[in-house]
Amino acid sequence: MTIMRRIKTEPDWYEPYRISQAIEAAGLIHLSGQAGIDEQGRTVGPDFETQARRAFENLAAVLARAGAVLADVVKVTIMVTDMANLDTVIKLRGEYFSEPYPADTLLQVAGLAQPDWLVEIDAVALAPDRAVSG
C-alpha cells in the first residue's frame, strides 16, 4: 500500500479549489501548478517576469513544507501564454535551478485558470530521506 502525504503551506492558497499544493508518494513530491499569486491567491504584478518569479518562489515554499528544496526538482513543466517570454524563462531557470538542471517541458497555452495569469509551473521532486535511524 502506497502511503501518500499532503503537503501545504499556511495559508493554503489552493484550498478553496480542492487542490493539494503537493502530494508526497513513493519517494517523490508531485507539486501542483504554481502561478504568480500571493498567499491570498491574488495575482502579483501584471508583467511576466514578476509572475514567473513568484511562481518559482511558490514552488520553493511548497517544497520547503515537504523538507525539500528546488535542487531536489527532477522534472518541471512551465506553461506560458506567450512564447515571446522564452528568454525570461531561460534566465529564470538559471537563477532558480542549477546543474544538473531538471528535465523540462515548456508549453504555450491559450489560457490558464485565471485570465490574468501569464505563467504556471508544476514540478516533481525527490522527497527527503525519511529513514529512521536507530
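Residues numbered from 1 in each chain as written. Predicted model: local features only at pLDDT ≥ 70, side-chain atom pairs only at ≥ 80, totals over all residues. Heavy atoms only, no water.

Draft legend 1. Representation of the pattern of salt bridges in the model. Under the defined criterion, the tally for this structure stands at ten salt bridges. One salt bridge in this structure joins Arg-5 and Glu-24, with 2.6 Å as the shortest N-O distance. Here the residue Arg-5 occupies a position in strand 1 (residues 4–7), and Glu-24 occupies one in strand 2 (residues 22–25), the gap between them amounting to 19 residues. Among the charged side chains, a network of salt bridges with common partners joins Glu-49, Arg-53, Lys-91 and Glu-95. (Salt bridge = Lys/Arg side-chain N within 4 Å of Asp/Glu carboxyl O. Helix = DSSP H or I, 4+ residues; strand = E, 2+ residues; numbered from the N terminus.)

Draft legend 2. Local environment of unusual backbone geometry. Looking along the chain, the bond that leaves Glu-10 and enters Pro-11 is cis, with omega of -5°. Of note, Pro-11 is situated in the loop between strand 1 and strand 2. Residue Pro-100 is reached from Glu-99 by a cis peptide bond, and omega for that bond is -5°. Among the secondary structure elements, Pro-100 is positioned in the loop between helix 2 (86–96) and strand 5 (103–108). One non-glycine residue, Arg-18, lies in positive phi territory at about 60°.

Draft legend 3. Quick peek at the side chain of Gln-51. Along the chain, Gln-51 falls in helix 1 (residues 48–65). Here Leu-118 takes part through its backbone nitrogen, which lies 2.8 Å from a polar atom of the side chain of Gln-51. Setting aside residues no more than four positions away along its own chain, Gln-51 makes contact with Ala-35, Gly-36, Thr-43, Val-44, Gly-45, Pro-46, Asp-116, Trp-117, Leu-118 and Val-119. (Polar contact = N/O pair within 3.5 Å; in protein donor to acceptor, adjacent residues only side chain to side chain. Contact = heavy atoms within 4.5 Å.)

Draft legend 4. Fine view of the environment of Met-4. Residue placement: Met-4 occurs in strand 1. For the pair formed by Met-4 and Ala-103, sequence separation is 99 residues and the distance between their alpha carbons is 24 Å. Ignoring any residue separated from it by four or fewer positions in sequence, one finds Met-4 in contact with Ile-23, Glu-24 and Ala-25.

Draft legend 5. Focus on the environment of Ile-7. Tracing the backbone shows Ile-7 in strand 1. By relative accessible area, which is 2% here, Ile-7 ends up buried. Separated by 23 residues in the primary sequence, Ile-7 and His-30 place their C-alpha atoms 9.4 Å from one another. When near neighbours in sequence (up to four residues on either side) are disregarded, Ile-7 contacts Gln-21, Ala-22, Glu-24, Val-62, Arg-65 and Ala-66. (Buried < 20%, exposed > 50% of the residue type's maximum accessible area, 1.4 Å probe, protein only.)

Draft legend 6. Geometry of the nonpolar core. Counting residues in each nonpolar core, the largest one holds 34 residues, and the members touching the most others are Ile-29, Leu-31, Phe-56, Leu-63, Val-73, Ile-78 and Ile-121. Counting residues per element, this core draws most heavily on helix 1, at seven residues. What Phe-56 contacts, discounting residues up to four positions off in sequence, is Leu-70, Ile-78, Leu-92, Tyr-96, Phe-97 and Ile-121. (Core = buried A, V, L, I, M, F, W, Y, C linked by side-chain atoms within 4.5 Å.)

These values are about where atoms sit, not about what they do.
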